[in-house]
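Summary of the model geometry
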Amino acid sequence: MTEVQDQYEAYPYPERDPKDEKKRLITGSPSHPVEMDHFLWGGKRDWSQPLRVLVAGGGTGDGLIQIAAVMAAAGKPYQITYLDLSRAARAIAEQRAAVRGLTGITFVTDSLLNAAQYGPFDYIDCCGVLHHLPEPQQGFDALSAALAPEGGIGLMVYAPYGRSGVYPLQDAFGALLAGMTPQDRLAAARKVFKRLPKGHPFAVNPHLVDHKASDAGFYDLLLHSQDRPFTVTDLAGALEAAGLDLVNFAQPALYDLARLLPEGVTAPDGLDRIGRMAVAEELRGTIKVHVAYAVKAGRGAQVQARPADMTLVPHLIGVPPGPLAQQIAKTGTAPIRSGDEKFPEPLAKSCAPLIAMIDGRRSLAQIAAGAHLDHFAFAAQWRAIDRVLGDWGLLRYTRISA
Ligand SMILES: C[S@@+](CC[C@H](N)C(=O)[O-])C[C@H]1O[C@@H](n2cnc3c(N)ncnc32)[C@H](O)[C@@H]1O
């Protein structure tokens, strides 16, 4: 067994108790079906067709359970293949699915490098795995090979700047604690960690919290033997080499250079889309992970939902429309959060009644009619709503519940 396999057998990640499935559903990006449709199928997927899913490196099952639970609740057909090398992680994922009574899942203990054997897939979730492979490019290539021509991938990889301080500690612990069992490494590292100087880049980085959450979190963050972060440029390069296009990041606003530049400063004309996002990543400095959607090369520019299409059905994810509309009506500001950071954005109070009408069932045309707005007046208001709520990952388009 490799050191990485040892780690995930000893500390299945993330630490989860199957009993908690009775109390809550963990949701997030990537791999919420509503968000998948938005980025990969123009918001118009025919959900009566079975969705063939691969969860690659599924760990203790967060992505798996989210997809299966949302599909089951919506009454839509699916078949999921869960793939992971760790038997301990798989056992927890299986128990979680059993507690929820979820069916339609095949559990497989194997490497995602063999993914194509189990496919093809309409959707592949690969969250927090590719940066842990000895040769990450082989992982990107394997997922691409397992993807159906019109399918899409939702992935998360670590990003370097927001993890400042992590890598010197991983290197130091790697050199100091080599050859120990995972349990002894953890115990020794926790003691060394307590003596870290207050000015260490890790100690002054307020965005890193995993090490406080659990043993598995501490191990994954600071004791990982294989962890290679990706800049925007690295990620775009790895996708391109695998024959994939980056559709977008789940929160495009984070990568929007215009939002970061003061009046009078503009990006040079020669800077392309990836170049602009790369500069935004450097200027922001706090991005810890990249959550992105990708499709086969040549399709990237055409698959994301475009709200100019009035037949689309908008959804809010993670925020109830009523209170959000009330807050915007009162303050003229959308209360945006990303991770532990706040990014309040101005949004005209007149947008509030339109937001209040979002229920996951009404189309844009029905919302325009309900607000008694003509096409042009509605389009101008909705563009503003979409620029704020869409770009920050709160507003998506799908007919999954329409
Ligand atoms: C950080 S965990 C992420 C788990 C899950 N995707 C999540 O986001 O909660 C990484 C997982 O990838 C698995 N893994 C690592 N290398 C793998 C490989 N080559 N094939 C399949 N799984 C792998 C590990 O066993 C571990 O469960």
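These remarks concern the structure in this document. (Residues numbered from 1 in each chain as written. Predicted model: local features only at pLDDT ≥ 70, side-chain atom pairs only at ≥ 80, totals over all residues. Heavy atoms only, no water.)

**Quick notes on the overall build of the chain**
Here is the rule: In DSSP terms, a helix is any run of H or I states spanning at least four residues, a strand is any run of E spanning at least two, and both are numbered starting from the N terminus. Radius of gyration: C-alpha atoms only; globule rule: 2.2 Å multiplied by the number of residues to the exponent 0.38. Relative accessibility decides the category of a residue: with a 1.4 Å probe and only protein chains considered, values under 20% of the type maximum give buried, values over 50% give exposed, and everything between is partly exposed. Here the open area of atoms and residues is found with the Shrake-Rupley method and a 1.4 Å probe, where only the protein chains shown may cover a residue.
In terms of regular secondary structure, the chain is built from 15 helices and 13 strands. Taken against the 2.2 N^0.38 rule, which gives 21 Å for 402 residues, the C-alpha radius of gyration of the chain at 22 Å falls within 12% of a compact globule. The buried share of the chain, taken over its 402 residues, is 53%. For the chain, the computed accessible surface area is about 17,600 Å², with 54% contributed by carbon and sulfur atoms.

**A look at the packing of helix 10 (residues 232-241) against helix 11 (residues 273-284)**
In plain terms, the rule: For every element, the axis is a line fit to its C-alpha atoms; helices are fit only across the contacting stretch, and the angle between N-to-C directions ranges from 0 to 180 degrees. In what follows, residue pairs with any heavy atoms lying within 4.5 Å of each other are defined as contacts. Any residue outside Ala, Val, Leu, Ile, Met, Phe, Trp, Tyr, Cys, Pro, Asp, Glu, Lys and Arg is labelled polar, Gly included; the first ten of those are nonpolar and the last four are charged.
Orientation of helix 10 relative to helix 11, taken along the N-to-C sense of each, is 145°, at an axis distance of 8 Å. Counted together, Val-232, Thr-233 and Ala-236 of helix 10 and Ile-274, Met-277, Ala-278 and Glu-281 of helix 11 form the full contact between these two elements. Here the contact of helix 10 with helix 11 is built from residues that sort into 5 nonpolar, 1 polar and 1 charged.

**Comments concerning the site of the ligand**
The test is simple: If even one non-hydrogen atom of a residue comes within 4 Å of a molecule or strand, that residue is called near it. Pairs of N or O atoms are called polar contacts if they sit within 3.5 Å, as long as, within protein, a hydrogen donor faces a hydrogen acceptor (for residues adjacent in sequence, only side-chain-to-side-chain pairs).
With respect to spatial proximity, 17 residues lie near the ligand, and among them Pro-14, Gly-57, Asp-84, Leu-112 and Cys-127 are the closest. Note that a nitrogen atom of the ligand is positioned 2.7 Å from one of the backbone N or O atoms of Gly-57. Contacts to the ligand include Leu-112, whose backbone N or O atom sits 2.8 Å from a nitrogen atom. Protein contacts shield 93% of the accessible area of the ligand, which totals 600 Å² for the unbound molecule. A class-by-class count of the residues in the shell around the ligand yields 8 nonpolar, 6 polar and 3 charged.

**Points about the packing of aromatic side chains**
Heads up, the rule is: What counts as a ring pair is set by centres within 6.5 Å for rings of Phe, Tyr and Trp (its six-membered ring), and what kind of pair is set by the plane angle: stacked under 30 degrees, edge-to-face over 60, tilted for all other angles. Geometrically, a charge over a ring is one whose NZ (Lys) or CZ (Arg) sits within 6 Å of the ring centre while staying within 35 degrees of the ring normal.
As enumerated under the stated definition, the model contains 10 aromatic pairs in all. Pairwise contacts between aromatic rings join Phe-193, Phe-202 and Phe-218 into one cluster. Its end group placed over the ring of Trp-41, Arg-45 keeps NZ or CZ at 5.5 Å from the ring centre. For the cation-ring pair, Arg-228 lies above Phe-230, with the distance from its terminal atom to the ring centre recorded as 4.0 Å.

**Observations concerning helix 7 (residues 182-194)**
How we decide: Between the first and last residue of a helix there are one fewer steps than residues, each counted as 1.5 Å, and that sum is the expected span. Think of the arc as the fan of directions from the helix axis to the C-beta atoms.
The first and last C-alpha atoms of helix 7 sit 19 Å apart over 13 residues, in line with the 18 Å expected at 1.5 Å per residue. Of all the residues in helix 7, the buried ones are Pro-182, Arg-185, Leu-186, Ala-189 and Phe-193. Each buried residue of helix 7 sits inside an arc of 95° when the element is viewed along its axis, so together they form one side. Exposed residues on helix 7 whose side chains face more than 90 degrees from its buried face are Lys-191 and Lys-194. Elements that come into contact with the buried residues of helix 7 comprise helix 1 (3-10), helix 6 (166-176), helix 8 (210-213) and helix 9 (215-222).

**Observations concerning the pairing of strand 7 (residues 289-296)**
As a reminder, the rule being used: Should DSSP find at least two bridges between two strands, the strands are taken to pair.
The buried fraction of strand 7 is high, at 6 of 8 residues. By the bridge criterion, 7 bridges tie strand 5 (residues 147-158) to strand 7 in an arrangement that is antiparallel. Paired with Leu-155 across the two strands is Ala-292, which belongs to strand 7. The pairing of strand 6 (residues 244-249) with strand 7 spans 5 bridges and is antiparallel. Bridge pairing in strand 7 links Leu-246 to Ala-294.

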